[in-house]
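# An overview of the molecular structure
The residues making up each chain are set out below.
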Amino acid sequence: MNQFKRFFLSRTTIIGLILSALTAVTLSALIPQSFLTSSERMLAWQTAHPFAERLSELFGLHRIYMHPAFAVILGGVTISLALSTWNQFLTAWRRTFNPERGISNGECFSVPGTVADSCRRLAAKGYYRLGGTAEEVLLVRHPWGYWGNTLLHLGMMVTIAAALFIALTQQRGVIHLVERAIRQPSEPLLMEEHGLLAKPLLLPQALRLDRIEYSFGPNHAVRQVASTLSFLTDSGTSETKTVEINRILSQRGIRYYQGVEFGHAFFVEVISRTGDNRLYQLQIQHPETPDKPSYNDYQDLLGDGCLVRAKYWVDAERESFDNVNPLLMLRLDCRGEEMGQFPIKVGEDGSIGPYKFHLLAFAPWSRLIVVNLSGMPGIFLGFFIICLGGVLHYFTTPREAWVCNTTAGETGICWRATKFAGFYREELASLKESLGCGENHG
Amino acid sequence: MDKQVAIYVALNWLAVFCYVAATIANVSGVVFRKEVVERRSYYPAWLGLLVQSIAIIYWWRIVGHGPYMAPSEVLSSDAWITMVVFLVFMRCFPRIRLASVIVFPVTFLLIALAIFYNPGIRSLPPTFGSIWLVLHISFYKISLGTLVIALAFSIFFLLKNDRVPSAWMQRLPEPDSIDLYAYRFTGFGFIFWAIGMLAGSIWAYKSWGRFWGWDPVETWSLITWLMFGVYLHLRRFFRISGRFAACLFIFCFILSLVSLFVTSHMGSSIHAEYFQ
């Protein structure tokens, strides 16, 4: 056990672990990570950097955070932090409640008067008595500063542990809800993610978007987006709640976040030359300004390998967002060539090649982020402990004064700042002056 | 609108003028050992701070959000916080007074650079209306301020250890003390950087349910923090000091500038709105 502790507390191990973590994170910043990069961009990077790509394949550098080596580094950091926190706790405890006799590396000087007089004067300057006898007393200014390093490392440990727990157990995904449409719990989430110890998230209830409200500020910037949702039960009852940007909604343990993405969904009926009739829902994000359209592409939507490209203006007159009278423009590209395009409004028809399009209706849609995770209180707690530890460590350096009788009938004082001694020379000078110090033995 | 921009730019120029005057007086006071001149250099510095504060508040009222979106706002508020951090720390630790030789020019260079960007009105995305965002940004700015002070002492150390140090260098504390100040202010910067990073992750969680997204800004911020962690641990455990420590700090400082001002241009993320 001692060897284990010695290994994880050795300065070489600690610096080695920090350097390993640094290397891993730096590599992840330089090499595209598969969980963050689209397959097209990954392929482009691989083509452009064949040597790096071979290395990346060999060592798994494109999935660093899923690599067993990274888990080992993280585990090592956590163990080392835990052991070091415990060691620092023991040191802080000993210094606070069972301090050693005397002070090493302090500056010593004599002052007139008794030990009790000096203690009284030091107490008036914010020094607390931590130990000693009637003849020998240890007084410390800011004794809580002993705990700074302990708390700093404890906070980091709590934060890392909570982050690990969240990464392993979180469930999350995205849903795009169209106004008045019902989303069943069995439908899969978009951009679904789950931790190694969790299953994909399934919403416990059916959900309906009753209404989406949005407002714009100057320059048409989105000011607020809010979705009114009905949570439907099997018995047919419903519960209505609203989620807004920066106002999270919690329902049956699932947290719903309002995304900044919203827009209009167009219900387009497509009739092919053979007479097949199919209904498609084309969701397009809200344009940024009334005079500019918003775009979306649908690869192989019609099952013929062609690309359907859509764009729309909220107001067909292109003047305002208040007047919702959308104009949809559809275009069909096959084998890289444009087959045709046409504008269409609700109730109108248009044709491209073998297809006839009919715009039946439109409705607003809203993007919601759904999250099921626990462990965030650990992050908050870690944050609080780190702040507290940082303040104690850097702003409240303990200053120790060992007060004792001398043979010359005066009182001897040994003083030191436990850290950054150079910063407190003026304080020592002022202390000597207030204690009536004459001769300096330092 | 043009009139408002003109007033804002004029106020910033006035602040630059004050800071330049403060820098000239300060540096000449230090170099030529004229203590009165050096002491009085703080008058234009305080005046510059006052003018800049008025400029920031004025622009805040016009654009409706704090100075943390457009490059001109970011650089100007960084300059302001650097100066405030220096003045506050100088009150707590009078021995850092000579760092003004670096802090004053850095302040006026930052604000002068801010003026060269178009101060157009940038609207705030709705997710940016959170107190955690304000804390997130503020702590990074405070961290930058403390790191500039540490930079000053690292540069002093390198200058003082030059083969033929200038005469004014005699006024600086002993190399050991300079080294210690650099170490301590790096520690402050490390802590404020950590708090800024954590406040950002809480903001992200409150806004869209994800506390860490590995976007370039987050990743490089973590790299910078780890690098400062390496610096601090090397100093503590391996007792590195002197020239190597000063050079390592300067490397870390450059990395922090890259994290703060360059990485938001590297990819699309929520941070892409910042400093564009």
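Moving on, we get to the overall build of chain A. Check the secondary structure of chain A and you find nine helices and 20 strands. Relative to the 2.2 N^0.38 estimate, which gives 22 Å for 442 residues, the radius of gyration of chain A is 34 Å and therefore markedly larger than a compact globule would have. For chain A, the C-alpha atoms occupy an extent of roughly 115 × 50 × 45 Å along the three principal directions. Expressed as a percentage of contacts within chain A between residues at least 6 apart in sequence, the contacts between residues at least 24 apart total 57%. Working note: accessible area of chain A is about 22,400 Å², and carbon and sulfur atoms make up 55% of it. Of the charged side chains in chain A, 41 are positive and 40 negative, and the gap between their average positions amounts to 8 Å.

To continue, consider the environment of Arg95(B). Tracing the backbone through its elements, the reader meets Arg95(B) in the loop between helix H4 (71-92) and helix H5 (100-115). Residues within four places of Arg95(B) in sequence aside, it is in contact with Gly422(A), Arg425(A), Glu426(A), Phe153(B) and Tyr181(B). Among the polar contacts made by the side chain of Arg95(B), one reaches the side chain of Glu426(A) at a distance of 3.0 Å. Within polar-contact distance, the side chain of Arg95(B) engages the side chain of Tyr181(B) at 3.5 Å.

Residue and element names in this part refer to chain B. Tracing the chain through its elements places Lys141 in helix H6 (residues 131-160). The exposure class of Lys141 is buried, given its relative accessible area of 7%. There is a polar contact of 3.4 Å between the side chain of Lys141 and the backbone oxygen of Val74. Discounting residues that sit within four places of it in the chain, Lys141 has contacts with Pro67, Val74, Ser77, Asp78 and Ile81.

All right, on to the packing of H6(B) against helix H7 (residues 175-208) of chain B then. The geometry of a pair of packed helices is captured by two quantities: the angle between their axes and the separation between those axes. Residue and element names in this part refer to chain B. Packing of H6 against H7 leaves a shortest axis separation of 7 Å and a crossing angle of 160°. Judged by the angle between their axes, H6 and H7 are roughly antiparallel. As H6 packs across H7, the resulting crossing turns out to be left-handed.

Another point: the pairing of strand E18 (residues 355-372) of chain A. Residue and element names in this part refer to chain A. Burial runs high along E18: 13 of the 18 residues are buried. Of the strand pairs in this sheet, strand E4 (residues 171-178) and E18 are connected by eight bridges, and their pairing is antiparallel. Bridging from a neighbouring strand, Ile175 pairs with Leu368 of E18. Sheet topology places strand E17 (residues 349-352) next to E18; four bridges connect them, and they run antiparallel. The residue bridging Ser351 from the neighbouring strand is Lys356, located in E18. Counted along the chain from E17 to the antiparallel partner E18, the turn is two residues long, and its residue Gly353 has a positive phi close to 50°.

The next subject is the interface of chain B and chain A. Contacts between the two partners involve 50 residues from chain B, matched on the other side by 54 residues from chain A. Buried area between chain B and chain A, summed over both chains or domains, comes out near 4,700 Å², and the portion from carbon and sulfur atoms is 74%. Applying the counting criterion to the chain B and chain A interface returns two salt bridges. In this structure, Glu193(A) engages Arg210(B) in a salt bridge whose closest nitrogen and oxygen atoms are separated by 2.7 Å. Listing elements by their share of the side of chain B that touches chain A, those giving two or more residues are H7 and helix H8 (216-237) of chain B. Considering every element that reaches the side of chain B that touches chain A, the biggest residue donor is H7(B), with 20 residues. Tallied by class, residues from the side of chain B that touches chain A come to 33 nonpolar, 12 polar and five charged.

Once that is clear, we can look at the domain arrangement of chain B. All names here are of chain B. According to the domain assignment, chain B contains domain 1 (1-122) and domain 2 (125-276). On a C-alpha basis, the centres of domain 1 and domain 2 stand 20 Å from each other. Taken together, the 30 residues of domain 1 in the interface contact 31 residues of domain 2. The junction of domain 1 with domain 2 conceals about 2,800 Å² of combined surface from both sides, 75% of it contributed by carbon and sulfur atoms.

Time to look at the pairing of E4(A). All names here are of chain A. Counted residue by residue, E4 has seven buried out of eight residues, so it is predominantly covered. Here three bridges tie E4 to strand E6 (residues 190-194), and the two strands are oriented antiparallel to one another. Counted as the bridge partner of Gln171 is His194 from E6.

Between its first and last C-alpha atoms H4(B) spans 31 Å; for 22 residues at 1.5 Å apiece the expected length is 32 Å, and the two agree. With 17 of 22 residues buried, H4(B) lies mostly within the body of the structure.

Residue and element names in this part refer to chain A. In terms of domain boundaries, chain A breaks down into domain 1 (99-142 + 397-442), domain 2 (169-260 + 369-382) and domain 3 (263-366). Between domain 2 and domain 3, the C-alpha centre-to-centre distance is 27 Å. Taken together, the contact pairs 12 residues of domain 2 with 14 residues of domain 3. For the domain 2 and domain 3 pair, buried surface summed over both sides reaches about 1,100 Å², with 60% attributable to carbon and sulfur atoms. Here domain 2 is connected to domain 3 by zero salt bridges. On inspection of domain 2 and its partner domain 3, the count reaches five residue pairs in polar contact (both at pLDDT 80 or more). Counting residues per element, the ones that place at least two in the side of domain 2 that touches domain 3 are E4 and strand E7 (206-216).

Attention now goes to the packing of aromatic side chains. Residues and elements named next belong to chain B. One pass over the structure, following the stated rule, counts 51 aromatic pairs over all chains. Seen from their ring centres, Tyr140 and Trp193 are 5.0 Å apart, and the 80° between their planes marks the pair as edge-to-face. A residue pair is termed long-range when its members are at least 10 positions apart, and Tyr140 in helix H6 and Trp193 in helix H7 qualify at 53 residues. For Tyr140, a relative accessible area of 10% puts it in the buried group.

All names here are of chain A. Per the counting criterion, the structure on display carries two disulfides over all chains. One disulfide in the model links Cys108 with Cys414; its S-S distance is 2.0 Å. One quick way to see it: the torsion about the S-S bond of Cys108 and Cys414 is about 100°, and its sign makes the bridge right-handed. Pair noted here: Cys108 is in strand E1 (residues 107-111) and Cys414 is in strand E20 (residues 411-417), with a separation of 306 residues, a long-range link. Since its relative accessible area comes to 25%, Cys108 is described here as partly exposed.

About the criteria used
- Residues numbered from 1 in each chain as written.
- Chains lettered and ligands numbered in written order.
- Predicted model: local features only at pLDDT ≥ 70, side-chain atom pairs only at ≥ 80, totals over all residues.
- Heavy atoms only, no water.
- Helix = DSSP H or I, 4+ residues; strand = E, 2+ residues; numbered from the N terminus.
- Rg over C-alpha atoms; globule rule 2.2 N^0.38 Å.
- Contact = heavy atoms within 4.5 Å.
- Areas by Shrake-Rupley, 256 points an atom, 1.4 Å probe, with all protein chains shown as cover.
- Lys, Arg positive; Asp, Glu negative; His and termini not counted.
- Charge placed at Lys NZ, Arg CZ, Asp CG, Glu CD.
- Polar contact = N/O pair within 3.5 Å; in protein donor to acceptor, adjacent residues only side chain to side chain.
- Buried < 20%, exposed > 50% of the residue type's maximum accessible area, 1.4 Å probe, protein only.
- Axes fitted to C-alpha atoms, helices over the stretch in contact; angles between N-to-C directions.
- Parallel < 35°, antiparallel > 145°, perpendicular 65-115°, else oblique.
- Left-handed = near helix turned anticlockwise from the far one by under 90°.
- Pairing = 2+ DSSP bridges.
- Buried area = accessible area lost by both parts, 1.4 Å probe.
- Salt bridge = Lys/Arg side-chain N within 4 Å of Asp/Glu carboxyl O.
- Nonpolar A, V, L, I, M, F, W, Y, C, P; charged D, E, K, R; others polar.
- Domains from an automatic or database assignment.
- Expected span 1.5 Å × (residues − 1).
- Phe/Tyr/Trp six-rings, centres within 6.5 Å; stacked < 30°, edge-to-face > 60°.
- Disulfide = S-S within 2.5 Å.

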